[in-house]
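Given next are the chains, with one letter for each unit.
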Amino acid sequence: MKQKLFKLLYIFNILFCISILSLYSYENPSIEQKLLEQGLVDIQSIDPSIQVDLKYSSKDNFLGEDVYGDLNNCYLQKEVAVKLMNAQKYLRQIRPGYSLLIYDGVRPRRIQYRMWDIVKDTDKQKYVANPKTGSIHNYGCAVDLTIVDENGRVLDMGTPFDYFDDLAQPRYEKKFLKEGKLTEAQIKNRELLREVMQKAGFEGILSEWWHFNGYAKEYVKKHYKIIE
Ligand SMILES: [Zn+2]
């Protein structure tokens, strides 16, 4: 009898804990739930073949800190995610077995503030957009990415992601090729990334080979809200 009562109490205790936990998560939705509620989509729910490795959700980034916490998947505005799905489709047509590999998608502004606090008054400050004006990542309309080959190896783009040096800037490619600091193969890899992204309607920028905007800044500011 005593044992039965103990068992019953044990089960009751577990049920109580579960209900408290679910009530907590209902009142404190996770960061990813909040993004879904704001209309953003997980890119892998649109195209599971696209690979994702959010660098700011690990310590493997120029801040050396995991600033994304439980934001582990790449969220984007739906129209931008569809464009990215088309880029992946086109890449796989011309290079079977290859895949896009995403390093960053939406960056909620409160995380941008955290990053800003970390780099403020250091030599890294110039690499983080001021949260007051915001970057296109804050709207869920920009993506940072590279390409992996059929063996899952990252293509050699001449520099790693978030390499803040002229060598990472597409505007100087010809100069660095002449000086022997970039090879033709490295530039061809960047051109492949630009080709598939442009074909799907993205625009690259002159300062980072990995960054692409789904729309021009003016359009983004007019049609989308900053994700806080
Ligand atoms: Zn970017």
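What comes next concerns the included structure.

Quick notes on the rules
- Residue numbers restart at each chain and count upward from 1, following the sequence in its written direction.
- Selection of residues for local features in this predicted model requires a pLDDT of at least 70, selection of side-chain atom pairs for listing and counting requires 80 or more, and totals for whole chains, interfaces and linings are taken over all residues.
- Here a strand is any run of E in DSSP of at least two residues, a helix any run of H or I of at least four, and the numbering for each starts at the N terminus.
- By definition, residues are in contact whenever their C-beta atoms, placed on the basis of the backbone, come within 7 Å of each other.
- Between N-to-C directions, angles span 0 to 180 degrees; the directions come from axes that are lines fitted to C-alpha atoms, helices contributing only their stretch in contact.
- Orientation categories follow fixed angle ranges, with anything under 35 degrees roughly parallel, anything over 145 roughly antiparallel, 65 to 115 roughly perpendicular, and all other angles oblique.
- Should the near helix be turned counterclockwise from the far one by less than a right angle, the crossing is left-handed, whereas a clockwise turn marks it as right-handed.
- The criterion for strand pairing is that DSSP finds at least two bridges linking the strands in question.
- By definition here, a helix of n residues has an expected span of 1.5 Å times n minus one.
- Residues with at least 20 neighbouring C-beta atoms inside 10 Å of their own are called buried, those with 12 or fewer are called exposed, and the rest are partly exposed, where every C-beta is derived from the backbone.
- As used here, the arc belongs to the directions running from the helix axis to the C-beta atoms.
- The nonpolar core is taken to be a set of buried Ala, Val, Leu, Ile, Met, Phe, Trp, Tyr and Cys residues joined by way of C-beta atoms within 7 Å.

### Here we look at the overall build of the protein
Tallying secondary structure elements over the protein gives eight helices and seven strands in all. When contacts within the protein are restricted to residue pairs at least 6 apart in sequence, long-range pairs at least 24 apart make up 72% of them.

### A look at the packing of helix 4 (residues 78-94) against helix 7 (residues 184-199)
Axis separation between helix 4 and helix 7 bottoms out at 8 Å; the angle between their running directions is 130°. In this view, helix 4 runs oblique relative to helix 7, as classed from their interaxial angle. Crossing angle aside, the handedness with which helix 4 passes helix 7 is right-handed. Across from Ala87, Tyr90 and Leu91 in helix 4, the residues of helix 7 making contact are Val196, Met197 and Lys199.

### Quick look at the pairing of strand 4 (residues 99-104)
In this sheet, strand 4 lies alongside strand 2 (residues 51-52) in parallel orientation, the contact comprising two bridges. By the bridge assignment for strand 4, valine 52 is matched with isoleucine 102. Relative to strand 5 (residues 142-148), strand 4 runs antiparallel, the two sharing five bridges. Directly across from leucine 100, in strand 5, lies its bridge partner isoleucine 147.

### Overview of the sheet that holds strand 7 (residues 211-213)
Pairing is mixed across the open sheet formed by five strands, whose spatial order is 2-4-5-7-6. Each end of this open sheet is capped by a strand with a single partner; those strands are strand 2 and strand 6 (203-204). Note: strand 5 against strand 7, three bridges, orientation antiparallel. Note that in strand 7 the partner of alanine 142 across the bridge is asparagine 213. Helix-sheet contacts for helix 4 involve strand 4 and strand 5, and the interaxial angle to strand 4 is about 145°. In the packing of helix 7 onto the sheet, the strands contacted are strand 5, strand 6 and strand 7, and the crossing angle to strand 5 comes to about 130°.

### Observations regarding helix 4
Over its 17 residues, helix 4 extends 25 Å from the first C-alpha to the last, a length consistent with the 24 Å expected when each residue adds 1.5 Å. What helix 4 keeps buried is the set Val80, Ala81, Lys83, Leu84, Ala87, Gln88 and Leu91. The arc that holds every buried residue of helix 4, seen down its axis, measures 155°, which confines them to one face. Along helix 4, exposed side chains directed more than 90 degrees from the buried face belong to Lys78 and Gln93. The secondary structure elements touched by the buried residues of helix 4 are strand 1 (40-42), helix 3 (43-46), strand 3 (75-77), strand 4, strand 5 and helix 7.

### Observations regarding the environment of asparagine 61
Within the secondary structure layout, asparagine 61 lies in the loop between strand 2 and strand 3. In this structure, asparagine 61 is in contact with Lys55, Tyr56 and Asp162, ignoring residues within four places of it in sequence.

### Some details on the environment of glycine 204
Its place among the elements puts glycine 204 in strand 6. A sequence separation of 61 residues divides glycine 204 from valine 143, and the C-alpha atoms of the two residues are 10.0 Å apart. Residues in contact with glycine 204, not counting those within four places in the same chain, are Pro170, Arg194, Met197 and Phe212.

### Looking at the nonpolar core
Ile43, Leu76, Leu84, Ala87 and Ile102 are the most contacted members of the largest nonpolar core, which has 45 residues in total. Among the elements of the structure, strand 1, strand 3, helix 4, strand 4, helix 5 (109-119), strand 5 and helix 7 are those that each provide at least two residues to this core. The element best represented in this core is helix 4, accounting for five residues. When residues no more than four places from it in sequence are discounted, the contact partners of isoleucine 43 are Ile50, Val52, Cys74, Leu76, Ala81, Leu84, Ile102 and Gly105.

### Remarks on unusual backbone geometry
Glycine aside, residues mostly have negative phi angles, and peptide bonds mostly take the trans form. Located in the positive-phi region is aspartate 121, a residue other than glycine, with phi close to 60°. Tracing the backbone through its elements, the reader meets aspartate 121 in the loop between helix 5 and strand 5. The backbone of aspartate 162 shows a phi angle near 55°, a positive value even though the residue is not glycine. Structurally, the position occupied by aspartate 162 is in the loop between strand 5 and helix 6 (173-178).

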